[in-house]
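Each chain, written out:
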Amino acid sequence: MPATPAWPPRSLPRLFVETPLGKGARIELDAAQSNYLGNVLRMKEGAQLLLFDGSSGEWLAEVVETAKKRMILSVVEPTRQQESVPDLWLAFAPVKKGRVDWLVEKAVELGIARLLPVITQRTIVDKLNLDRLRAHIIEAAEQCGRTSLAAIEEPVKLETLLRNRDPARTLYFADETGGEPAATAFRPGAALILTGPEGGLTPDEGKTIRSSANSRAISLGPRILRAETAALAAVAAWMASAGDWNG
């Protein structure tokens, strides 16, 4: 006997909207979203899709009105509750444009809650287009099924991050000189992962981080990793041992 298909099907388009969602709500899309659904996906009146607003879960919606550069949706019913986001923040040294876009996109897919760009002595990129990165965050959340959006902060200097951080949130930093293996280093609870730039952290920076309250040095293995690879490897290791990958 064939299995009963899930409803609504996961193949429906997913879209983030800023308007609060609820049964019967009417959502007027902006011009870009209307163009995407109407002209790219060719959606007509009666077509269905999935919506999320970042705080109230996922909802089934239906196109009820279309016009040039305009589309109105009606919210039908909830399909999933709001996700429980693992309390993991990632502090990373920015890298070049295409690579930082990829880092942010994949960190969102892995389930990160907050992204904190950090300027270190060897960081070569000190300015970021946060609007572009927020667009990548939304797109990644739409594609991977998340119902919340990761936050991203303005870049800060490493010393500012260390001075202002809450010591109750354990700081795990990728230490090229050695540390506890990432596979066994992480503990349950609020966490902040810190990874350095290309070329690594300076010895003085490493010493300062080690002296910060509730910090733990971790090792990401025997190979030399690119900055963005190290950040994502650390996030994946945390999710597998202390996050929501272990059930």
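Structure first, text after, so check above.
The structure displayed is predicted, hence computed values, not measured ones.

Caption draft 1: Looking closely at the overall build of the protein chain. Counting secondary structure elements, the protein chain contains 7 helices and 13 strands. By its C-alpha atoms, the protein chain is 60 × 45 × 30 Å across when sized along the principal axes. Restricting the contact set of the protein chain to residue pairs at least 6 apart, pairs at least 24 apart contribute 72%. Here the protein chain has roughly 12,800 Å² of accessible surface; of this, 52% comes from carbon and sulfur atoms.

Caption draft 2: Summary view of the pattern of salt bridges. What the rule picks out here adds up to 18 salt bridges. Measuring nitrogen to oxygen at the nearest pair gives 3.4 Å for the salt bridge that ties Glu109 to Lys106. Here Glu109 pairs with Lys106, and both are found in helix 2 (residues 97-110), just 3 residues apart, close to one helical turn. Given the relative accessible area of 23%, Lys106 is considered partly exposed. Glu180 serves as the salt-bridge partner of Arg216, at 2.7 Å between the closest nitrogen and oxygen. You can see Arg216 sitting in strand 13 (residues 215-219) and its partner Glu180 sitting in strand 11 (residues 180-181), a full 36 residues away along the chain. Salt bridges linked by common partners bring Arg26, Glu28, Glu65 and Arg70 together as one network.

Caption draft 3: Quick look at the layout of surface pockets. Taken as a whole, the largest pocket spans an internal volume of roughly 530 Å³. Considering the residues around the largest pocket, the lining is formed by 29 residues, among which Ala174, Asp175, Glu176, Thr177 and Gly200 are closest to the centre. Counting residues per element, the lining of the largest pocket draws most heavily on helix 6 (residues 203-211), at 4 residues. A breakdown of the residues in the lining of the largest pocket according to their chemical character gives 12 nonpolar, 10 polar and 7 charged. Within this model, the second largest pocket holds a volume of roughly 440 Å³. Together, 18 residues line the second largest pocket, and Leu15, Phe16, Gln33, Ile138 and Glu142 are the ones closest to its centre. Contributions of two or more residues to the lining of the second largest pocket are made by strand 1 (14-16), strand 2 (26-28), helix 1 (31-40) and helix 3 (130-144). For the lining of the second largest pocket, the leading source of residues is helix 3, giving 4 residues. Along the lines of polarity and charge, the residues of the lining of the second largest pocket split into 9 nonpolar, 3 polar and 6 charged.

Caption draft 4: Representation of the environment of Ala151 in the model. As for its placement among the helices and strands, Ala151 is situated in strand 8 (residues 151-152). Sequence separation between Ala151 and Pro86 is 65 residues; the distance between their C-alpha atoms is 13 Å. Once residues lying within four places of it in the same chain are set aside, the contact partners of Ala151 are Ala113, Arg114 and Leu115.

So, how was this worked out
- Throughout this document, residue positions are counted from 1 along each chain, in the order its sequence is written.
- At least 70 in pLDDT is required for a residue's local features to be given in this predicted model, at least 80 for side-chain atom pairs to be given and counted, and no such filter applies to totals for whole chains, interfaces and linings, which use all residues.
- By convention in this description, side-chain values take in all heavy atoms of the structure and omit both hydrogens and water.
- Per the convention used, a helix needs a DSSP run of H or I reaching at least four residues, while a strand needs a run of E reaching at least two, with both numbered from the N terminus.
- Between two residues, a contact is recorded if the distance between any of their heavy atoms is within 4.5 Å.
- Using the Shrake-Rupley algorithm and a 1.4 Å probe, accessible areas are obtained, with residue cover drawn only from the displayed protein chains.
- One side-chain nitrogen of Lys or Arg within 4 Å of one carboxyl oxygen of Asp or Glu is enough to make a salt bridge.
- The buried label goes to any residue with under 20% of its type's maximum accessible area, the exposed label to any with over 50%, and the partly exposed label to all in between, with areas taken from a 1.4 Å probe on protein chains only.
- Buriedness for pockets is judged along seven lines, at least five of which must meet protein on both sides within 12 Å for an open set on the 1 Å grid over protein atoms alone, while cavities are sets there where a 1.4 Å probe fits but cannot get out, and lining residues have an atom within 4 Å of a point.
- Grid points are joined across faces, edges and corners, and a volume is the space filled by probe spheres set on the points.
- Under the scheme applied, nonpolar residues are Ala, Val, Leu, Ile, Met, Phe, Trp, Tyr, Cys and Pro; charged residues are Asp, Glu, Lys and Arg; polar residues are all the others, including Gly.

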